[in-house]
Amino acid sequence: MILNRGKEIIKRYVDNNELPGAVFAYVERDYVEKDLYGYKSLLPVKEKLNFDTLYDIASLSKVVATSTMVFKLVEEGLISFKTKVRSILPEYPFEDVIVRDLLTHVSGIAGDDKDYKKCKTEEQLWQFIMNLPRIYDKGTKCVYSCFGYIILGKIIEHYKGSLEKYLDETLCEPLGTSNIMYCPQKKGRESDCAATEVTEARGIIKGVVHDGKCNIMNGVAGNAGIFADIDSLTRYVQMILNDGVYNGNTVLKKSTVQLLKKVYTPGLNEMRTIGGWLAGDLNQSDGDYVSEHSLYHTGFTGTSIYIDFDRGCGIILLANAVHPSRVHKMIEIRNLFHNQVLIAADESKI
C-alpha cells in the first residue's frame, strides 16, 4: 500500500493529540488508494472518521470550484483571461486589472485586511472590498488574496446568477457526485461534517463555513465555502490527470488543463499557474520530492491537494487541524506526509 508510511505520519500526530484526524488518498489516472485515521470531532464528544466525512476545504474552494467555473466561462466564450474586470463589474476601481491577475494573485489588491470583520452584511463586505487601495504595483509580486477570489465569484454570478447552480452543472454533475457543496448544514448534512474551530462567538463550527469573509456572505463565495468528501476530490484529481475528463464526461477541455502546466508568474516571489495553483514551488509544504510539473494548494482548515503531472499522480489530505483551536503543525505534517507517499509511489514503479 502506497499510503502505509504516510499513514504512520498521520497516526503519530493524532496519537500525540496534535491533530484530530485525517482522511487521505493517493490517486492515479485509473487507480485510487485511500485511508483514514482519527476523529472528525473531538468536542462535544469524540466522533470517529469515515470516508463519507465532509470537510470544509477552505481555500481549496478557490481551485476546485471558483477556478473551474471561471475556466468554464472562458471555454463558453463569455470572457477571456485578458478581460478587464471593470468591463464586467463597473464598480471595480482599477481599470488595468484583468481576470488573469486575480487568478494568479498579482492584481495589487491586499492579501488581507482584518477590518473586514466590521462588516455585518454581504453588501457591506462588497463595498469594503471595492474601497480597498492597491498595496503594490500590479504584476510585480504575488500576494495571496481572498479578496481577489471573492471578486472572481462575483464575476461568475454576473454571468450565471448562482455559484451553487453553476458548480453543480459544471463540476458535480459530470463528476457524478453530490458531495461537493456549499452550506451543508442548510442541506441537512451537518452530522456528516468534520467540526472546525471552537470560538467564543460561534461555538463549535460544524457544517457552516469556517472562513470569516465567506461566512458574512452566507457561506457562498469565491474564496471559500466548499465542503467535500475524499471520494469527490479523488474524482476531481483524476479528471485533471485525464486531461479534463472523468468517466467519459468532460469537465474541462484538454487545452484548458494544459494551461495549468504553465507558470504565469516567472521571476516573482511565488510560482503560480492560472487559477491560483502553486506550480512546482519547492518553498511550499508539499515536501522535498515535488516534480517540476505539479500543482499544489492548501486550505486553512488543514486540507491540501497535490497533482503531479510528471508522475501522473495526486495526493489529497483532508484534516480539520483547526479543531478545536488553531494550534497545529500542518506545515510540518504536510511535508513529512508528502515525502513518504511520493517515496512509496516511486518505489512501487521499480
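Our subject is the structure that appears above.
Here is what the cut-offs are and how they apply
- Residues numbered from 1 in each chain as written.
- Predicted model: local features only at pLDDT ≥ 70, side-chain atom pairs only at ≥ 80, totals over all residues.
- Heavy atoms only, no water.
- Helix = DSSP H or I, 4+ residues; strand = E, 2+ residues; numbered from the N terminus.
- Rg over C-alpha atoms; globule rule 2.2 N^0.38 Å.
- Buried < 20%, exposed > 50% of the residue type's maximum accessible area, 1.4 Å probe, protein only.
- Contact = heavy atoms within 4.5 Å.
- Areas by Shrake-Rupley, 256 points an atom, 1.4 Å probe, with all protein chains shown as cover.
- Lys, Arg positive; Asp, Glu negative; His and termini not counted.
- Charge placed at Lys NZ, Arg CZ, Asp CG, Glu CD.
- Pairing = 2+ DSSP bridges.
- Axes fitted to C-alpha atoms, helices over the stretch in contact; angles between N-to-C directions.
- Salt bridge = Lys/Arg side-chain N within 4 Å of Asp/Glu carboxyl O.
- Expected span 1.5 Å × (residues − 1).
- Core = buried A, V, L, I, M, F, W, Y, C linked by side-chain atoms within 4.5 Å.

> Explain the overall build of the protein chain to me, please; I cannot follow it from the model alone.
When helices and strands are counted, the protein chain shows 11 helices and 14 strands. The globule rule puts the C-alpha radius of gyration for 350 residues at 20 Å, and the 19 Å found for the protein chain is close to it. For the protein chain, the spread of C-alpha atoms along the principal axes amounts to about 50 × 50 × 35 Å. Relative to its full complement of 350 residues, the protein chain shows a buried share of 58%. Within the protein chain, contacts between residues separated by at least 24 positions form 63% of all contacts whose residues are at least 6 apart in sequence. Of the roughly 14,000 Å² that the protein chain leaves accessible, carbon and sulfur atoms contribute 48%. Of note, the protein chain has its 42 positive side-chain charges centred 2 Å away from the centre of its 45 negative side-chain charges.

> It is not clear to me how the sheet that holds strand β2 (residues 31–41) should be interpreted in this structure. Could you clarify?
Across a sheet, paired strands are connected by hydrogen bonds in the backbone, their directions being either parallel or antiparallel. Ordered by their spatial adjacency, seven strands build an open sheet running β3-β2-β1-β14-β13-β12-β11, and the pairing between neighbours is antiparallel. Both outer strands of the open sheet, β3 (47–48) and β11 (278–279), are each paired with one neighbouring strand and no more. With six bridges connecting them, strand β12 (residues 294–299) and strand β13 (residues 303–308) associate as antiparallel partners. Within the sheet, the bridge partner assigned to L295 lies in β13 and is I307. Sitting on the sheet, helix α2 (residues 60–75) is in contact with β12 and β13, with an inclination near 115 degrees to β12. Where helix α11 (residues 330–348) meets the sheet, its contacts fall on β1 (21–28), β12, β13 and β14 (313–319), and the angle it forms with β14 comes to roughly 145 degrees.

> How should I be thinking about the pattern of salt bridges in this particular structure?
Any two side chains of opposite charge can pair, given that their charged atoms come close. Applying the stated criterion across every chain, the model contains 24 salt bridges. Between K160 and E76 there is a salt bridge; the shortest N-O distance is 2.9 Å. In this pair, K160 is assigned in helix α6 (residues 146–160) and E76 in the loop between α2 and α3 (85–88), connecting sequence segments 84 residues apart. On the accessibility criterion, K160 (30% relative accessible area) is partly exposed. Across the pair R311 and D346 runs a salt bridge whose closest N-O atoms are separated by 2.8 Å. With R311 in the loop between β13 and β14 and D346 in helix α11, this pair connects stretches of sequence that are 35 residues apart.

> For this particular structure, what's the right way to read α2?
Helical geometry note: an α-helix holds 3.6 residues per turn, so side chains three or four residues apart project in the same direction. Between the first and last C-alpha of α2 there are 22 Å, a value that for 16 residues agrees with the 22 Å anticipated at 1.5 Å per step. With 15 of its 16 residues buried, α2 lies for the most part within the structure. One or two residues past the end of α2 sits G77, with phi positive at roughly 80 degrees.

> Help me understand helix α5 (residues 122–130) in this model?
Along α5, the positions that sit buried rather than exposed are E122, L125, W126, F128, I129 and M130. If you follow the buried residues of α5, they end up packed against α6 and α8 (212–216).

> Could you clarify how one ought to interpret the pairing of β12 in this entry?
Residues in a regular strand point their side chains to alternate faces of the sheet. Of all six residues making up β12, five are buried, and the element is well covered by its neighbours. Relative to β12, β11 runs antiparallel, the two being bridged by two bridges. For A279, the partnering residue across the bridge sits in β12 and is L295. Connecting β12 to the next strand, β13, in antiparallel fashion are three residues, including G302 with a positive phi near 125 degrees.

> Sorry, what's going on with the nonpolar core here?
Nonpolar side chains in soluble globular proteins tend to be buried together. Ranked by size, the top nonpolar core spans 81 residues in total, and within it I129 and I151 carry the most contacts. With eight residues, the single largest contributor to this core is α2. Aside from chain neighbours lying at most four places away, what touches I151 is V85, L89, Y92, L102, I109, W126, I129 and M130. One finds L3, L278, A319 and A345 within the second-largest nonpolar core, a separate group that totals 26 residues.

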